[in-house]
Amino acid sequence: MKHTLLILATLCSTSAFAQSPVPVINNADIDGSGSRYQGNLSVNQAAGDQQQQANARAFAVGPAASANTQIRQRLNTPAGPAMDARSTIQGDAFSNGSGALGINQSAGANTQQANALSISIGAQPQSIDDSVLMQQNVALLNNSGPIDTSTGHRQVTTSDQAFTGSRGVIQLNQSAGVGNRMANTLSIRVAD
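Residues numbered from 1 in each chain as written. Predicted model: local features only at pLDDT ≥ 70, side-chain atom pairs only at ≥ 80, totals over all residues. Heavy atoms only, no water.

A. Molecular detail of the side chain of Ser-175. In this fold, Ser-175 is placed in strand S10 (residues 167–178). At 3.3 Å, the side chain of Ser-175 and the side chain of Ser-106 are in polar contact. The contacts of Ser-175, once residues within four sequence positions are left out, are Ser-87, Gln-105, Ser-106, Ala-107, Thr-111, Gln-113, Val-156, Asn-180 and Met-182. (Helix = DSSP H or I, 4+ residues; strand = E, 2+ residues; numbered from the N terminus. Polar contact = N/O pair within 3.5 Å; in protein donor to acceptor, adjacent residues only side chain to side chain. Contact = heavy atoms within 4.5 Å.)

Here you go:
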């Protein structure tokens with residue numbers, strides 16, 4: 001009886017070790033959302049781990065108007081690349097709208113995305129350096145060479161009906177995978 005139990009226990013534990021690991025699947029989907037938006041619309045959508053997303057807006061009006069944005073994003077946490085990641089914007093999402101639209105959509109890990117918009121209407125012209133607007137830092141792993149394991153399937157899609165008929169400022173960052181960095185910056189200064 002003891003030998004039978006020992007054999008059964010050994011077989012059960014062996015079959016548990018023989019199973020392949022469950023793959024990581026990260027999907028970020030937007031379907032038909034945000035149509036006919038007006039004004040300022042900001043969307044951050046992420047599936048996965050260690051995602052950093054920001055939409056910054058600054059507006060200033062006056063004799064010495066100065067609108068500035070500053071975004072600092074830092075990541076130094078390693079992420080395993082073995083995953084499936086998919087980002088999709090489907091249907092008539094964000095169509096027939098007007099205003100300032102900022103979208104960050106990411107599936108995967110360790111991605112940084114930022115949209116920055118600043119508008120100043122003043123009496124005196126001013127200038128600004130892009131390095132002041134945004135900083136993104138990712139600490140690279142010591143070994144950034146080829147990896148023996150499979151990295152998985154990555155897919156980014158946008159419907160041909162999305163964003164149609166929209167007016168104004170549209171800033172879009174869309175990614176699938178590991179370690180992506182994206183930024184959109186727009187600074188408008190009008191001197192009266």
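B. Just the sheet that holds strand S1 (residues 24–31), in detail. Reading across the sheet, the 3 strands line up as S1-S5-S9 and stay open at both edges, with parallel pairing between neighbours. Two strands bound the open sheet, and with one partner strand each, they are S1 and strand S9 (154–158). Taken pair by pair, the neighbouring strands of this sheet meet at an average axis angle of 0°, ignoring direction. Where S1 and strand S5 (residues 83–90) come together, 8 bridges link them in parallel fashion. Bridging from a neighbouring strand, Ile-25 pairs with Asp-84 of S5. (Pairing = 2+ DSSP bridges. Axes fitted to C-alpha atoms, helices over the stretch in contact; angles between N-to-C directions.)

None of the figures reported here should be taken as evidence of function without further support.
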